[in-house]
Amino acid sequence: MTITAPDMTVFESLESEVRSYCRSWPVIFDRAQGSVMYDEDGHAYLDFFSGAGALNYGHNNPVLKRALLDYLERDGVTHGLDMSTTAKRTFLERFQQVVLEPRGLDYKVMFPGPTGTNAVEAALKLARKVKGRESIVSFTNAFHGMSLGSLAVTGNSMKRAGAGIPLVHGTPMPFDNYFDGRVPDFLWFERLLEDQGSGLNQPAAVIVETIQGEGGINVARPEWLRALADLCKRRDMLLIVDDIQMGCGRTGAFFSFEEAGITPDIVTLSKSISGYGMPMSLALFKPELDVWEPGEHNGTFRGNNPAFVTATAALDAYWADGQLEKQTVMRGEQVETALREICTAQARAGAEYRGRGLAWGLQFIDPSIAGRVCARAFELGMLLETSGPRSEVVKLLPALTITPDELDEGLRTLTRAVSDVISETL
């Protein structure tokens, strides 16, 4: 595909140097529908990025768009802080009926600020308030957000350095398989908890991603998660599952922890909870943890009512009958087959794959290959990003609503991009 370099003057002269994704995809996007984005010259790009997981149901999903337009056309409340509104009431009722009750989950629902890091900050504050302790345990290669509390439990050194101040009251522990299976699970963690001279203050909580998206698509085994939940219970620590990127069906089930059969004390959701890419986040927690004073944690935009409307429409359209979960598992098997074939064909590059549902990663021994594969895929009309501490993993996050033909097209494009890059490299 031939792409004419667009005029980026206004972005380069006026917008901050902090911008990132636009550097990998140097075109000006104009519209999007389903799993395809179009630049202003009409070129199509198959989207395997999905707004970093915020667009599980694709761009401008017609069912969600209709619900949103109807709401706006009748002058429904847009900004509502934490006021009671019809949109919020309907969402809460349907969330309870469609998500919580069928799973036997008795969570209270909190609306913090509208982003994932807002939900994490609320979870950390609540855990500390409940337990009366300041220490939080997180895991190697974790990513939980860019505000200070979330950064303190994030592993990436570049992102942590941006804070400009010491990030304290967080302690990292090895994530599942960090030592390639050579060390028993939680050996170090248990030893520190037992040793009065370890220097580890008794933690209030442990925060974990069941699949580390930004960390490189690192998948925790169900038995590891169950052992972690047991450890938290035995040691009087709350278990927080950050399901911001991997929740809302990304791994198959609505919550990514369902496969492990655990019930976290606190769960954070954002990204695709609105269904339409609009800002919205939730902190879910067991009723006995609801010790907040009115207004003790708030945010001007926590009542994004249009997001409540599209969130409700997504629940009704995709979660009332359980079909999307089955479809995601089937699509995931299609991805796994293609990645296995790529790794077999590119054995000399040390290619490896991992993932679950529709969250997958393709890693190479030479970390630079991943970035070049994504760049080549873009030239071929496909959007992919890298992840991992060295950007060594090609990350695949197609929409859950992607068609089999679109998924097959994307996997063929990925295969070609990998082959082209490996041929130039080795």
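Here, the structure is the one placed above.
Keep in mind that this is a model prediction, so the values were computed, not measured.

Caption draft 1: How the structure looks around helix α12 (residues 323-345). Taking 1.5 Å per residue as the helical rise, α12 with its 23 residues ought to reach 33 Å, and the 34 Å between its terminal C-alpha atoms agrees with that figure. When we look at burial in α12, the residues that qualify are L324, T328, R331, G332, V335, A338, L339, I342 and C343. Buried residues along α12 sit in contact with α11 (305-318), β13 (352-356), β14 (359-363), β17 (393-396) and α14 (404-425).

Caption draft 2: Quick look at the packing of helix α4 (residues 62-73) against α11. Running from amino to carboxyl end, α4 crosses α11 at an angle of 140°, the nearest separation of the two axes being 9 Å. As α4 packs across α11, the resulting crossing turns out to be right-handed. Across the interface between the two elements, V63, L64, A67, L68, Y71 and L72 of α4 pack against N305, P306, V309, T310, A313, A314, A317 and Y318 of α11. Across the contact of α4 with α11, the residue classes break down as twelve nonpolar, two polar and no charged.

Caption draft 3: The nonpolar core, seen in detail. F95 and F364 are the most contacted members of the largest nonpolar core, which has 89 residues in total. Ranked by residue count, the leading element in this core is α11, at eight residues. Excluding anything up to four places from it in sequence, F364 contacts A349, G350, A351, I369, A370, V373, E392, V394, V418 and I422. Counting residues in each nonpolar core, the second largest holds 20 residues, with V120, A123, V153 and I266 among its members.

Caption draft 4: Fine view of the sheet that holds strand β16 (residues 385-387). The strand order β13-β14-β17-β16 describes an open sheet built from four strands, whose pairing is antiparallel. Both edges of this open sheet fall to β13 and β16, since each of them pairs with a single strand only. Each strand of the sheet is rotated relative to its neighbour by a mean of 30°, with strand direction disregarded. Alignment of β14 against β17, held across four bridges, turns out to be antiparallel. Note that in β17 the partner of Q363 across the bridge is V393. Sitting on the sheet, α12 touches β13, β14 and β17, and the angle it makes with β14 is about 5°.

The rules behind these values
- Residues numbered from 1 in each chain as written.
- Predicted model: local features only at pLDDT ≥ 70, side-chain atom pairs only at ≥ 80, totals over all residues.
- Heavy atoms only, no water.
- Helix = DSSP H or I, 4+ residues; strand = E, 2+ residues; numbered from the N terminus.
- Expected span 1.5 Å × (residues − 1).
- Buried < 20%, exposed > 50% of the residue type's maximum accessible area, 1.4 Å probe, protein only.
- Contact = heavy atoms within 4.5 Å.
- Axes fitted to C-alpha atoms, helices over the stretch in contact; angles between N-to-C directions.
- Left-handed = near helix turned anticlockwise from the far one by under 90°.
- Nonpolar A, V, L, I, M, F, W, Y, C, P; charged D, E, K, R; others polar.
- Core = buried A, V, L, I, M, F, W, Y, C linked by side-chain atoms within 4.5 Å.
- Pairing = 2+ DSSP bridges.

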